[in-house]
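Fold and contact review
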Amino acid sequence: MKAKRILASVVATVMMLGTMSFPVFAEGNVAKIGETEYGTLAEAVTAAESGATITLIADATETTTVNIEKNVTIDFGGNTLYGSIKIAGTAKVTIGNGYIRQENLISGIEVADNSNVTINNMDIESFRHAVRIDGDANDCVATAVINGGRYVSTNNNTTCHAINIGTSNPEKPRAKSVVTINSGEFRGPVNNATGGNS
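For clarity, every value in this text was computed on a predicted model and none was experimentally measured. (Residues numbered from 1 in each chain as written. Predicted model: local features only at pLDDT ≥ 70, side-chain atom pairs only at ≥ 80, totals over all residues. Heavy atoms only, no water.)

Topic: the overall build of the protein
Regarding its fold elements, the protein presents two helices and 16 strands. Looking at the protein as a whole, 37% of its 198 residues are labelled buried. Considering only residue pairs separated by 6 or more positions, the protein has 51% of its internal contacts joining residues 24 or more positions apart. As presented, the protein carries roughly 10,500 Å² of accessible surface, and 51% of it is formed by carbon and sulfur atoms. (Helix = DSSP H or I, 4+ residues; strand = E, 2+ residues; numbered from the N terminus. Buried < 20%, exposed > 50% of the residue type's maximum accessible area, 1.4 Å probe, protein only. Contact = heavy atoms within 4.5 Å. Areas by Shrake-Rupley, 256 points an atom, 1.4 Å probe, with all protein chains shown as cover.)

Structure (structure tokens):
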């Protein structure tokens, strides 16, 4: 009698689970837009329409910089990008809730041209600059807003910074950078602000 009750409970549980739906991510995919998944963050950015939200569903490794020239939101979902992002053109991008690890002499996030980025609660470690904001061309204004997070240059060279602000091209003196830091932890090789950098 007891065995029949257990068997009936097991059957009922299996039937109930059979009617439920669970999110299943295809093996190897790292990002999604809506219900469509992509094997790399770069593929998702290419496919995204203006205004789309890209969500990382797993850690992602990019061997080349992910270039963004459209208005998108990237929700890292607590995952890590091993690579770098460059925001350019007139793109307006929001990035948040995750990690970037960059071991090469490249910035974790670079903001160029007339682009605009809002960074929310990211943890970025880069062998160069965690974040670089640089208009890079005459009459361009690159803009960044940083809301919380941790930003670290792991390089002991004093030309590398947690946040690097300004243009490096003396032939384009009208290039500008505008940065608003509302909160966050910033650590560079000298742990202080020098020449517009930290």
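Still more to cover.
Quick notes on the pairing of strand 12 (residues 116-126)
Along any regular strand, the residues point their side chains to alternate faces of the sheet. Pairing of strand 9 (residues 92-96) with strand 12, which is carried by five bridges, proceeds in the parallel orientation. Across the sheet, residue V93 finds its bridge partner in strand 12, namely V117. Bridging between strand 10 (residues 99-102) and strand 12 involves four bridges; their strand directions are parallel. Bridge pairing in strand 12 places I100 opposite I124. Pairing of strand 12 with strand 14 (residues 141-153) involves ten bridges; the strand directions are parallel. The residue bridging E125 from the neighbouring strand is V152, located in strand 14. (Pairing = 2+ DSSP bridges.)

With respect to the sheet that holds strand 8 (residues 85-87)
The strand order across the open sheet built from five strands is 5-8-11-13-15, with neighbouring strands paired in parallel fashion. In this open sheet, the two strands that pair with only one neighbour each are strand 5 (66-68) and strand 15 (163-165). Shown here is a sheet whose adjacent strand axes are inclined to one another by a mean of 10°, direction ignored. Of the pairings in the sheet, the one linking strand 5 to strand 8 comprises three bridges and is parallel in character. Within strand 8, the position partnered with I68 by the bridge is I87. (Axes fitted to C-alpha atoms, helices over the stretch in contact; angles between N-to-C directions.)

Digging into the side chain of H129
Note that H129 resides in the loop between strand 12 and strand 13 (131-134). Beyond its immediate sequence surroundings of up to four residues, H129 is in contact with I106, S107, G108, T159, C160, H161, A162 and N164.

Some thoughts on the nonpolar core
Counting residues in hydrophobic clusters, the biggest one holds 39 residues, and the most contacted among them are I85, I95, I109 and Y151. Apart from the residues lying within four places of it in its own chain, the contact partners of I109 are I85, I87, I95, I100, I119, I124, A130, V131 and R132. (Core = buried A, V, L, I, M, F, W, Y, C linked by side-chain atoms within 4.5 Å.)

Focus on the packing of aromatic side chains
Evaluated as defined, the whole model comprises one aromatic pair. Here the aromatic rings of Y151 and F186 are separated by 5.2 Å at their centres, their planes lie at 15°, and the arrangement is stacked. Pair noted here: Y151 is in strand 14 and F186 is in strand 16 (residues 176-187), with a separation of 35 residues, a long-range link. By relative accessible area, which is 23% here, F186 ends up partly exposed. (Phe/Tyr/Trp six-rings, centres within 6.5 Å; stacked < 30°, edge-to-face > 60°.)

Quick word on unusual backbone geometry
The phi dihedral of D113 is positive, around 55°, even though this residue is not glycine. Looking at the element boundaries, D113 is found in the loop between strand 11 (109-112) and strand 12. Among the residues examined, D113 registers a relative accessible area of 24% and is labelled partly exposed.

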